[in-house]
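What follows is each chain in one-letter form.
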Amino acid sequence: QQPVQSPQAVILREGEDAVINCSSSKALYSVHWYRQKHGEAPVFLMILLKGGEQKGHEKISASFNEKKQQSSLYLTASQLSYSGTYFCGTLNNAGNMLTFGGGTRLMVKP
Amino acid sequence: ETGVTQSPTHLIKTRGQQVTLRCSSQSGHNTVSWYQQALGQGPQFIFQYYREEENGRGNFPPRFSGLQFPNYSSELNVNALELDDSALYLCASTHPRYETQYFGPGTRLLVL
């Protein structure tokens, strides 16, 4: 089942902060975050593993609440380059199927 | 640049035809996954190949098939094309030690 992302869209001014949420009805093994710009492929941002290990992007952080089956992506002091659609993906226990949410469209204005 | 390449970049086919899309993995990555992304939606998992064997499949009919070669490159074949097959097709390769999937630029398929 597809994870649910919120909000669906957000508009920011440069320098503002944003939080994107991802929740699942199934137990999460790991959560993967990607950003996709229009007409381009998704670009890996961050992976959050069960047990708390985190890898990722230098200017973007994320949290992973295993009990609540939720993950949140934190964008602080947003830049114009942050604009795009953000997807979370949840990996099944077998590690062979990444299921993506519907995406959050983020627009950063000057 | 992820090191994952796909060809062709764009393709136009008519309903009922067959199509083959190609993907070259990033060096050292032995797992390839294919996704279909319709406009305005997230990528949908089609299947994954590991060491030339199918290693998982999403909710796609058998007319979607694939191959992986000894050099870990891969093909996606779609038979009897339907209008709803129009989408961006993405392949992603996975590092053998980590779970991160790196996407190629995609092939945009239009079925008329």
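Residues numbered from 1 in each chain as written. Chains lettered and ligands numbered in written order. Predicted model: local features only at pLDDT ≥ 70, side-chain atom pairs only at ≥ 80, totals over all residues. Heavy atoms only, no water.

1. A closer look at the nonpolar core
Next, step 1: Core analysis: the largest hydrophobic core is formed by 21 residues, its most contacted members being A:Trp33, A:Leu73, A:Leu75, A:Tyr86 and A:Leu106.
Next, step 2: Listed by contribution, the elements that provide at least two residues to this core are strand E2 (9-13), strand E3 (18-23), strand E4 (30-36), strand E5 (43-49), strand E7 (60-65), strand E8 (70-75), strand E9 (84-91) and strand E11 (104-109) of chain A.
Next, step 3: Counting residues in hydrophobic clusters, the runner-up holds 19 residues, among them B:Val4, B:Val32, B:Tyr49 and B:Cys91. (Core = buried A, V, L, I, M, F, W, Y, C linked by side-chain atoms within 4.5 Å. Buried < 20%, exposed > 50% of the residue type's maximum accessible area, 1.4 Å probe, protein only. Helix = DSSP H or I, 4+ residues; strand = E, 2+ residues; numbered from the N terminus.)

2. Some remarks on the interface of chain A and chain B
Next, step 1: With 21 residues of chain A at the contact, the number on the chain B side is 23 residues.
Next, step 2: Summing both partners gives a buried area of about 1,600 Å² for chain A against chain B, and 55% of it is carried by carbon and sulfur.
Next, step 3: When the buried area of chain A at its contact with chain B is split by residue, A:Pro42, A:Asn96 and A:Phe100 rank highest and sum to 28% of it.
Next, step 4: Linking chain A to chain B there are 0 salt bridges.
Next, step 5: Joining chain A to chain B, the criterion identifies 3 residue pairs in polar contact (both at pLDDT 80 or more).
Next, step 6: Of all elements in the fold, only E4, E5, E9 and strand E10 (98-100) of chain A reach the threshold of two or more residues within the side of chain A that touches chain B.
Next, step 7: Ranked by residues supplied to the side of chain A that touches chain B, first place goes to E4(A) with 4 residues.
Next, step 8: Looking at the side of chain A that touches chain B residue by residue, the classes come out as 12 nonpolar, 8 polar and 1 charged. (Contact = heavy atoms within 4.5 Å. Buried area = accessible area lost by both parts, 1.4 Å probe. Salt bridge = Lys/Arg side-chain N within 4 Å of Asp/Glu carboxyl O. Polar contact = N/O pair within 3.5 Å; in protein donor to acceptor, adjacent residues only side chain to side chain. Nonpolar A, V, L, I, M, F, W, Y, C, P; charged D, E, K, R; others polar.)

3. Quick notes on the packing of aromatic side chains
Next, step 1: Tallied over the full model, the rule gives 11 aromatic pairs over all chains.
Next, step 2: Look at A:Tyr34 and A:Phe44: their rings are 5.9 Å apart centre to centre, the planes differ by 70°, and that puts the pair in the edge-to-face class. With A:Tyr34 in strand E4 and A:Phe44 in strand E5, the pair connects residues that are 10 residues apart, well separated along the chain.
Next, step 3: Judged by relative accessible area, which is 0%, A:Tyr34 ranks as buried.
Next, step 4: Judged by centre distance (5.4 Å) and plane angle (50°), the ring pair of B:Tyr35 and B:Phe103 falls under tilted. A residue pair is termed long-range when its members are at least 10 positions apart, and B:Tyr35 in strand E4 (residues 31-37) and B:Phe103 in strand E10 (residues 101-103) qualify at 68 residues. (Phe/Tyr/Trp six-rings, centres within 6.5 Å; stacked < 30°, edge-to-face > 60°.)

4. Some words on the pattern of salt bridges
Residues and elements named next belong to chain B.
Next, step 1: Inspection of every chain in the model, using the stated rule, returns 4 salt bridges over all chains.
Next, step 2: With a closest N to O distance of 3.2 Å, Arg57 and Glu54 form a salt bridge.
Next, step 3: We classify Arg57 as partly exposed; its relative accessible area is 27%.
Next, step 4: Classification of Glu54 as partly exposed rests on a relative accessible area of 38%.
Next, step 5: The shortest N-O distance in the salt bridge between Arg63 and Asp85 comes to 2.8 Å.

5. Comments concerning the side chain of B:Gln36
All names here are of chain B.
Next, step 1: With respect to the element layout, Gln36 can be found in strand E4.
Next, step 2: A distance of 2.9 Å separates a polar atom in the side chain of Gln36 from a polar atom in the side chain of Tyr89.
Next, step 3: Setting aside residues no more than four positions away along its own chain, Gln36 makes contact with Gly42, Pro43, Gln44, Ile46, Phe60, Phe64, Asp84, Asp85, Ala87, Leu88 and Tyr89.

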